[in-house]
Every structure is written in structure tokens, then in C-alpha cells.
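A closer look at the structure
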There are 2 protein chains.
Amino acid sequence: MNPLSDSPFLAACRAEPHEHTPVWFMRQAGRSLPEYRKIRGDGSILDAIKNADLSTEITLQPVHRYNTDAAILYSDIVVPLHALGFGVEIHPGIGPVVETPFSSADDLKRLRPLQPEDDTPYVLETIQQLVKVLNVPLIGFAGAPFTLASYLIEGAPSRTYARTKTLMLEDPALWDSLMDRLVEIVISSLHSQIASGVSAIQLFDSWAGALSPAVYERFVLPHSKKIFSAINALNIPTIHFGVGTGEILELMASAGSSVMGIDWRTPLDIARMRLGPEAILQGNLDPAICFASEEVVANEVADILGRNKSHPGHIFNLGHGVLPETNPEVLEKVVEQVHSYPLNMAERNGS
Amino acid sequence: MNPLSDSPFLAACRAEPHEHTPVWFMRQAGRSLPEYRKIRGDGSILDAIKNADLSTEITLQPVHRYNTDAAILYSDIVVPLHALGFGVEIHPGIGPVVETPFSSADDLKRLRPLQPEDDTPYVLETIQQLVKVLNVPLIGFAGAPFTLASYLIEGAPSRTYARTKTLMLEDPALWDSLMDRLVEIVISSLHSQIASGVSAIQLFDSWAGALSPAVYERFVLPHSKKIFSAINALNIPTIHFGVGTGEILELMASAGSSVMGIDWRTPLDIARMRLGPEAILQGNLDPAICFASEEVVANEVADILGRNKSHPGHIFNLGHGVLPETNPEVLEKVVEQVHSYPLNMAERNGS
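Computed from a predicted model, the values in this text were never measured in an experiment. (Residues numbered from 1 in each chain as written. Chains lettered and ligands numbered in written order. Predicted model: local features only at pLDDT ≥ 70, side-chain atom pairs only at ≥ 80, totals over all residues. Heavy atoms only, no water.)

1. A few points about the relation of the copies chain A and chain B
Note the threshold: Least squares is the method used to superpose the copies, on C-alpha atoms of residues holding a pLDDT of at least 70 in both.
Least-squares fitting of chain A to chain B yields an RMSD of 0.0 Å, with the superposition described by an axial translation of 0.0 Å and a rotation of 180°. Taken together, the rotation angle and the small translation identify this as a two-fold axis.

Following this line, the structure appears as C-alpha cells:
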């Protein structure tokens, strides 16, 4: 039994009563924090992630500063692919870059099964260190197979995902083989994170919103479904997130996560109209709004909380990651406001 | 009376019967065509646009090659702002870049009213040359005030539009003043294009999909409405387009254009469910799909035509601009397929 089981974050993931709306921020650990920039050093983020003591400290920083209701492991979705030796690196200011992108069946060999204890021991060590000291749940995560594949195939961040779409449409058998390998890698990684102590996981299908519903349904959904089916068997909450996913929200939800992450384009009340009144949602303040004044931010936060109507299945978050130039004081205020919002169940039930 | 009034494109813009589904492609004139690369030269695209003979020829190239049902003026949405001396340039491989971005009320002075005859005579000359030789309608266009403002404020293409959102939320009065200036400039530009002979116009609010519905409704919609209200008075078809606009489609449609441009994320049948059975739609093949095989592309085209169910209010197009690496032969085939699709009104009425 997880001693944090009754924490606001985990209770909200089950839509059970809890004392305040839980809040955390995607990319809460990172460049927006001066204490991060101070200890992070100059090397690649992948090297920082390999240093378990450093990653532990970086993961804790935003929890201490903001008083968030969850920690999220300081890591990156390409860590397992990097560890397998696929030749993925992260270039500052660009993002993941692949020296020899995936282009043919021969490249499948470069995606052997992940042995987390041998390939990414530092990830497990960081988690083990963290759960000893954290008094809020720790969230583990992985990239969804489509988003991972898009990096492997494009070789760099893309605006069109043209090569990825071409490969799936032109050679569905190769695409499915690639997805199968990635599904296995993702499940291994998540299993090992859970065994090491994370209390929940988030699957980032950040770029799935670039696909039409028909393409998502045929080429992505079956694979993401396998992941949630494997992880739900372990009885821990799962969150499924992407940006610009309004048109595929029902499909993404059908992949089977306990919680759906929503970006700012879809108001929470609209999302719940589409996904059903019991839907458990995470989101959805536009991270760009954090550059506005305290008053503007407070109004937007109030609007989001209002649209949730004190539904017990709401985890407050941004609609995408914290932007590096964000003033941490703004996020401190957001946490205070979310925590002080009355969660009046009686009122909700009566409304 | 426009002699092309009964052309398939203009008839479809009014949802009146016509002999085949009309088709044109956003950015059909441009880098994907070898004949374009041959005559375009090395200079800035803004210099090419200033050469009316060259722009006329470039506009005609895709009409001749593809047999499209409309031509679209070879120009760019930042042309009026460049012509006013705001310091907007277009850098190859980057896009519009502004030397001194818009940041305060002082910058409003840099946006005097547009005098199209003096500021952009080459645009009008190109149109006048084109309408003499074209046997299909010519589409003029402008950037919508939000998308233009995003370039002026960000100073370069952006993924987050953080400065633009901050300005509108922080200083609504300054935002509205900026929008007012841009609305005036856009209306002047479109009026002059219409007076010179274009048969329809498209308003590109390409990046409006980055906004939440509430922000779009408050800060963008009233301004775009003014433009359609001014242009609709001239009784020519108007098209309103943006990418990733699924969540704001009804709001965008309420701005008052005759036709809504839809990107590939929203299937046409879903768009018509939202906008009403009489909605006139343009779109919506994913431009990235044009890299796939003939068979895959043909299936996607058939799917789009099928979802339209022979509705007379459909103009076939891509869901965004032609990608520069596109093989023109693929688009030739798309036009043939769209033109040969039976527009069976009887069947539609009976279904």
C-alpha cells in the first residue's frame, strides 16, 4: 500500500475526495529555476540525467519552491533510446537530434529490448533516492511510441512530421514493427520506474495532435493502448498527454489512461462534455499566460478552476511545459491560488 | 458581372451546382515547381513580388501545370507591412523577421494607413496583368490581424506566441489599437485587390489555432469580423483559414466569411456537423501525405471527397500550404482525381 495513496494528487487521479485541488507543472524542474541553472552545469542534459545525485536534487527543487502536490522525475523521453545506442542526442536550443535517422527495416536492429537495470541504472537510482525523501507522489514518464518514432524518423524536431507520416502510410508493416519495438521499450522503462517507486506515470504523446483522427486511430492508438493495458494491470494511475489534440481527444482517451492531460486549446468543461462526466482531467493553463501580470494569471487560473466545477477528478497543471523564461514567482502564486480554492463537493453535487 | 461567375470555384463558394469539384492548392505557386525555381532568382521573395511581370508568370505556372480551378496571387501576407516601412523582411528558411518588433504605443505610429496605389502598386499591376490572361478566378489575400500582429510582436516565427499573448492580456487597449490599425490596412489592401480584379479573397489567420477559444473570442474575433463585414459588402466570396483551429471553428465561422478553410485535423463531415449542413468548406488533404505513394494519396483524396458527400459547397485544397519538397506530379494526379469525381446531386439529395 502506497503511504501517499490518500495524497491529493493520487486521490484526484481516482476522482476521490481530497482536501485541495492538486497541482504540478510539466517541466517544473528546469531552466526557469535559478537554483537549477546554478547546479545544472554546462554539459548535455543527458549527462545531467546520468548523475543520480544531481537529478535527485533537480527533481526536488520545484517541489520545495512551489509546494507542488507531485514531483516529476528529472529525465527526458529520449533517455531509453539514447541508452540503447540509437545515436540520439539532445542539442541545446534544438532538442533531440538523431545522427542516423530510422529509415528502413535494417534500423529495427538498432532497437533491441531495453534492460533498464543495465541500460538506465541512473534513472532507477534517482527514483530510489527520491522516494526516500519525498512526501508527495513521484511521477515517472515515457514518450509515447508515435512521438518517439517521430524523433527517430525525422532526425530532429519537425513542424510537419512529413517523413513520419510517409513511413506509416507507405509501409504500414514496417511502421507497426517499429511501434512494436517502441511499445516494448516503453513498457520496460515504465515497469522499471514503477518497481523503483514512482506512484504514477505520464505518457507524453506530445506531437500526436499533428495527425488526423483516421491516421491516429489506425497507426497510433493500438500501440498506445498496449502500453496502458500493461501499466493499468499494476494498478497505478496513468496520464496521457499531447498538445493540440482536440480532434483526437476521444480516441486518445480510448487508449485507456486513468487521466487525460488537456492543453489550453480545449476548455476543461468542453473536454468533459466530450469524454463524459466522470473524466479525470489534468491541465490546462497556457504556459505563455505566465508572462502576464499577476491579475491576468489569477483570472485565468480562476476560469480553469471554475470550468472544472469542483469535480474531484482534476489535477491542475499547465497545458504544456513551463517555458524557460517563466518567472518562478508566478508559478508560486498559481500553486497558492489553486490550493486555496474551495473544493465544495456539496455544492457540486447540488448544482 | 464577373464573366467567371459560373466557374466551378465561384459556384462552389456559393454552394451552387457546378460541373466538378473545384481544386486549388495553398502555396501552389512556389518552390515545389521546377519552373518556379528556374525563374525566381536568388533575391528576397519581397523583391520578386515587387516585379509584376515575374509575379504574374509565377502565379500562372501552377494554373497551367495543374489545371487548377483558381489562381492565387503570388505575394505574401507581410507585403503591406513591409511596404509601410515597418522593417519586416522575409529571411529564406526562417520566414518573416522584424528588425524592431512592436512593443509599445509608440510603435503604432509605424503603422500608418496603407495607400495601396502608392505603397504596393506592383501588387495591383500583377493582378491587372493576370485577370487579362486568366480563364479561372484569381484569389487575392491578406493576413488576418492576429497573425500579422504575431509577426510584428514576436519579431520572428514563434512556437508559443508568448509575447503576443502577453501584450493582448496585459494591455488590451494597446492590443485593440494595434488590431484597429491592422484591420484598416487589411481592408485597404483587400479593397485595392478587388478593385484591380480578384474574384475572391482569403484571409489567412494561420496561427489563430494557438489561442484558447476565450482568448480568440475576446481579442481576435471582433477584429476579423470587421474585415469580413467590409468585404462581404462588395459581394465577392471570402475564405477564412487557419491551422489547428478545431476548437475555435465555430467562432472563426462567426466572423462571417462565405467559406471556411479547414486543416486536415478536422474531417470535413465533422466540420459540417459543427458549422451546420449549409457550411461551405475548403480543404483538407494533409500536405505531408503528398510524399506518400500515388495509391495512398488517392485513398486520402477519395476519403475527403467521400466525407463531403457531393455537397456543392466544397473547394478541394490542402489543409495547409504545399511543402517545398512536394513532387508536382502528385498534385497533378490529385487535380485529375478531384475533377473526375462524380458530383451526383440527385444521390446527395436522396441520401
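2. Some details on the interface of chain A and chain B
Let me state the cut-off plainly: Contacts: residue pairs with any heavy atoms within 4.5 Å of one another. Each of two parts loses accessible area, computed with a 1.4 Å probe, when they are put together; buried area is these two losses added. Any carboxyl oxygen of Asp or Glu within 4 Å of a side-chain nitrogen of Lys or Arg constitutes a salt bridge here. Under this definition, polar contacts are N or O atom pairs within 3.5 Å; protein pairs additionally need one hydrogen-donor-capable and one acceptor-capable atom, and for neighbouring residues in sequence, both atoms have to be side-chain atoms. Secondary structure is summarised from DSSP: a helix means a run of H or I of at least four residues, a strand means a run of E of at least two, and numbering begins at the N terminus for each. Any residue that is not Ala, Val, Leu, Ile, Met, Phe, Trp, Tyr, Cys, Pro, Asp, Glu, Lys or Arg is counted as polar, Gly included; the first ten are nonpolar and the last four charged.
Counting residues at the interface gives 33 residues for chain A, matched by 33 residues for chain B. Summing both sides of the interface, chain A and chain B together bury roughly 2,500 Å²; the carbon and sulfur share of this comes to 55%. A per-residue breakdown of the area chain A buries against chain B is headed by A:Arg159, A:Glu247 and A:Arg265, which together make up 23% of the total. Connecting chain A to chain B are four salt bridges. The salt bridge partner of A:Asp286 is B:Lys165, with a shortest N-O separation of 2.6 Å. Taken together, the links from chain A to chain B amount to twelve residue pairs in polar contact (both at pLDDT 80 or more). When residues of the side of chain A that touches chain B are traced back to their parent elements, those giving at least two are helix H9 (162-170), helix H11 (213-219), helix H14 (268-275) and helix H15 (294-308) of chain A. The element contributing the most residues to the side of chain A that touches chain B is H9(A), with five residues. Residue classes in the side of chain A that touches chain B are distributed as 16 nonpolar, eight polar and nine charged.

3. A word on unusual backbone geometry
Apart from glycine, the bulk of residues carry a negative phi angle, and the bulk of peptide bonds sit in the trans form. Look at the link from A:Gly283 to A:Asn284: it is a cis peptide, with omega at -5°. For A:Asn284, the location among the structural elements is in strand S8 (residues 281-285). We note that A:Asn67 has phi near 65°; this positive angle belongs to a residue other than glycine. Mapped onto the secondary structure, A:Asn67 falls in the loop between helix H4 (52-66) and strand S1 (71-72). Even without a glycine there, the phi angle at B:Ala15 is positive, about 55°. Mapped onto the fold, B:Ala15 is located in the loop between helix H1 (8-13) and helix H2 (34-40).

4. Examining the environment of A:Asp286
Short version of the rule: Think of it in three bands: with a 1.4 Å probe and only protein chains considered, a residue is buried below 20% of the maximum accessible area for its type, exposed above 50%, and partly exposed in between.
Relative to the helices and strands, A:Asp286 is located in the loop between S8 and H15. By relative accessible area, A:Asp286 is classed as buried at 6%. Aside from chain neighbours lying at most four places away, what touches A:Asp286 is A:Trp264, B:Lys165 and B:Ala210.

5. Here's the deal with H14(A)
Residues that lie three or four places apart on an α-helix share one face, since the helix turns once every 3.6 residues. All names here are of chain A. Selection rule: Directions are taken from the helix axis to each C-beta atom, and the arc is the one they span.
Of the residues making up H14, those classed as buried are Leu-268, Ala-271 and Arg-272. On an axial view of H14, the arc spanned by its buried residues comes to 95°, and they lie on one face. Buried-residue contacts for H14 involve helix H13 (249-253), S8, H15 and strand S9 (314-318).

6. What to know about the nonpolar core
What counts here: As used in this record, nonpolar core signifies buried Ala, Val, Leu, Ile, Met, Phe, Trp, Tyr and Cys residues forming a set joined through side-chain atoms within 4.5 Å.
Core analysis: the biggest nonpolar cluster contains 246 residues, and A:Leu178 and B:Leu178 have the highest contact counts within it. Apart from the residues within four sequence positions on either side, B:Leu178 is in contact with B:Phe102, B:Leu108, B:Leu111, B:Ala149, B:Leu152 and B:Ile153.

7. Let's talk about the packing of aromatic side chains
For any two aromatic rings, the description comes down to two numbers: the centre-to-centre distance and the angle of the planes. To keep it simple, the criterion reads: Any pair of Phe, Tyr and Trp rings, taking the six-membered ring for Trp, is counted once the centres come within 6.5 Å. Such a pair is stacked with planes under 30 degrees apart, edge-to-face with planes over 60 apart, and tilted for the rest. Whether a charge sits over a ring comes down to the Lys NZ or Arg CZ being within 6 Å of the ring centre and within 35 degrees of the ring normal.
Tallied over the entire structure, the rule returns twelve aromatic pairs over all chains. Centre to centre, the rings of A:Tyr36 and A:Tyr74 are 5.8 Å apart; their planes meet at 65°, and the pair counts as edge-to-face. Linking A:Tyr36 in helix H2 (residues 34-40) with A:Tyr74 in the loop between S1 and helix H5 (79-83), this pair joins segments that are 38 residues apart in sequence. Between A:Phe141 and A:Phe204 the ring centres are 5.5 Å apart and the planes differ by 80°, which places this aromatic pair in the edge-to-face class. Of this pair, A:Phe141 sits in strand S4 (residues 138-143) while A:Phe204 sits in strand S5 (residues 200-204), and the two are 63 residues apart along the sequence. Considered together, A:Phe141 and A:Phe204 belong to a single accessibility category, that of buried residues. Through a chain of ring-to-ring contacts, three or more aromatic side chains come together here, namely A:Phe141, A:Phe204 and A:Phe241. Taking the ring centre of A:Phe86 as reference, the NZ or CZ of A:Arg110 above it sits at 3.8 Å. The ring of A:Trp207 has B:Arg159 sitting right over it, with the charged end atom 5.8 Å from the ring centre.

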